[in-house]
Amino acid sequence: MNISRVPANRRNRLLAALQPSDYSLLAPHLKVTRLKQGTVLQESGDPIRQVYFPESGMVSVLAVMQAGNGIEIATIGREGAVGYMAALGSRHAAGRAVVQVDADASQISASNFRSAFDQSPGIRDLILRYNDVQMALVQQSAGCNALHHVEKRLCRWLLQTRDRCDSDILPLTHELLSEMLGVQRTTVTVVARALQTQGLVRYRRGQVEIIDRHGLEKKACECYEVVRGKSEEVFSHDDH
Amino acid sequence: MITEITSMPRYFFHLENARPFRDVDGLELPDIDAAHDEAVGLARDIMRLEPGRRNWSKWTVSVTDGNESRVLQIPFSDVN
């Protein structure tokens, strides 16, 4: 991770939603950092030391089982934050946070973030609202992972990632997709081929290209729309 | 001392049933035991994805190596 002292900009939507006086409590402590695909920002059970506000890219949070296998329970992009729970009193990370798509982010230590949260009703209000939405989204994920067919879940995942990357060409390996979806790599091969045969995607090693976005939307489970709508609720209260 | 770097063998996982699936991508795995685990996992995933279907007796995962010789054949009915 490359940390520079360049002042953080406010492409992250949580930071952008703050009043200037609230933002000024965080600004002196924020560092811009580049997060590379595959980097583990937080290991399940470890102390939360840093809070990240992505400005681009995507981070996944995984529930990890004792056998080492896991499944994705949340994705975080420029609408969110990783490790924000530190401000709510969580000392240890509940899940593993992994960078899925290269990201720029603003980073702040958990202790500096906590003290800004304690001082500012504006920050508190925003983070509590964000937390509410996150809890709802994690519940949606739990239902989706248990009840929805892996083909529909893959469609949702590709669309979600597309929105975050703002590109139809997604740098995703089968290995990564199998971890996200909680299935074998070979199962991803079978399902991705089915989508390719239907003319929805084209995949090569390490890359999935979306050919028919509308078709994917029709095929995806309801969670794509639910998550998209729900994520906006954090910001719909704001006048600015 | 020269350290020899050997690449892992690639295995291909095919589904044999009414709607066959031929794997052209394959997967690099350390050995045949890992290929066996992957094949069993694939069969489990597919059965889990279609809980309504009771009869899997005609379904098989067949694993070939890079020379297209079959190294494993696992009927779904052997997987629980």
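Before reading on, note that the structure itself is shown above.
Residues numbered from 1 in each chain as written. Chains lettered and ligands numbered in written order. Predicted model: local features only at pLDDT ≥ 70, side-chain atom pairs only at ≥ 80, totals over all residues. Heavy atoms only, no water.

Section: the overall build of chain B
Then, in step 1: In terms of helices and strands, chain B carries one helix and four strands.
Then, in step 2: Its helices and strands in sequence order give chain B the pattern β-β-α-β-β, from N to C terminus.
Then, in step 3: On the principal axes, the C-alpha backbone points of chain B span a range of 60 × 20 × 15 Å.
Then, in step 4: Within chain B, buried positions represent 44% of all 80 residues.
Then, in step 5: Total accessible area on chain B stands at roughly 5200 Å², and carbon and sulfur atoms take up 50% of it. (Helix = DSSP H or I, 4+ residues; strand = E, 2+ residues; numbered from the N terminus. Buried < 20%, exposed > 50% of the residue type's maximum accessible area, 1.4 Å probe, protein only. Areas by Shrake-Rupley, 256 points an atom, 1.4 Å probe, with all protein chains shown as cover.)

Section: the interface of chain B and chain A
Then, in step 1: Each side of the interface is counted separately: chain B has 17 residues, and chain A has 13 residues.
Then, in step 2: A combined buried area of about 1300 Å² lies between chain B and chain A, and 53% of that area is made up of carbon and sulfur atoms.
Then, in step 3: Taken as a group, F21, D25 and L49 of chain B account for 38% of the area that chain B buries against chain A, more than any other trio of residues on that side.
Then, in step 4: Counting across the interface, chain B meets chain A through seven residue pairs in polar contact (both at pLDDT 80 or more).
Then, in step 5: Counting only elements with at least two residues in the side of chain B that touches chain A, the list comes to β1 (10-16) and α1 (32-49) of chain B.
Then, in step 6: Of all the elements, α1 of chain B adds the most residues to the side of chain B that touches chain A, at seven residues.
Then, in step 7: By residue class, the composition of the side of chain B that touches chain A is eight nonpolar, one polar and eight charged. (Contact = heavy atoms within 4.5 Å. Buried area = accessible area lost by both parts, 1.4 Å probe. Polar contact = N/O pair within 3.5 Å; in protein donor to acceptor, adjacent residues only side chain to side chain. Nonpolar A, V, L, I, M, F, W, Y, C, P; charged D, E, K, R; others polar.)

Quick notes on helix α6 (residues 174-181) of chain A
All names here are of chain A.
Then, in step 1: Within α6, six of the eight residues are buried, leaving the element largely enclosed by the surrounding structure.
Then, in step 2: Taken together, the buried positions of α6 are occupied by H174, L176, L177, S178, M180 and L181.
Then, in step 3: Taken from the residues just after α6, G182 is the one with a positive phi, measuring 70°.

Some words on the pattern of salt bridges
Then, in step 1: Considering all chains together, one arrives at 22 salt bridges over all chains under this definition.
Then, in step 2: R11 of chain A serves as the salt-bridge partner of D104 of chain A, at 3.9 Å between the closest nitrogen and oxygen. Placement of D104 of chain A in strand β8 (residues 103-109) and of R11 of chain A in the loop between β1 (2-4) and α1 (13-16) is noted, with a sequence separation of 93 residues between them.
Then, in step 3: In this structure, the salt-bridge partner of R10 of chain B is E28 of chain B, at a minimum N-O distance of 3.5 Å. Of this pair, R10 of chain B sits in strand β1 while E28 of chain B sits in strand β2 (residues 27-28); the two residues are 18 residues apart in sequence, bridging distant segments of the chain.
Then, in step 4: A residue is classified by how much of its surface remains accessible, and E28 of chain B, at 36% relative accessible area, is partly exposed. (Salt bridge = Lys/Arg side-chain N within 4 Å of Asp/Glu carboxyl O.)

Description of the side chain of R162 of chain A
Then, in step 1: Mapping R162 of chain A onto the fold places it in helix α5 (residues 150-165).
Then, in step 2: With sequence-adjacent residues up to four places away left out, R162 of chain A is seen in contact with S167, D168, L170, I210 and R213 of chain A.

Observations regarding the environment of V98 of chain A
Residues and elements named next belong to chain A.
Then, in step 1: Note on placement: V98 falls in strand β7 (residues 96-101).
Then, in step 2: Given a relative accessible area of 10%, V98 falls into the buried group.
Then, in step 3: For the pair V98 and V40, spaced 58 residues apart in sequence, the C-alpha separation works out to 4.4 Å.
Then, in step 4: Apart from residues no more than four positions distant in its own chain, V98 is found in contact with G38, T39, V40, M58, V59, S60 and L62.

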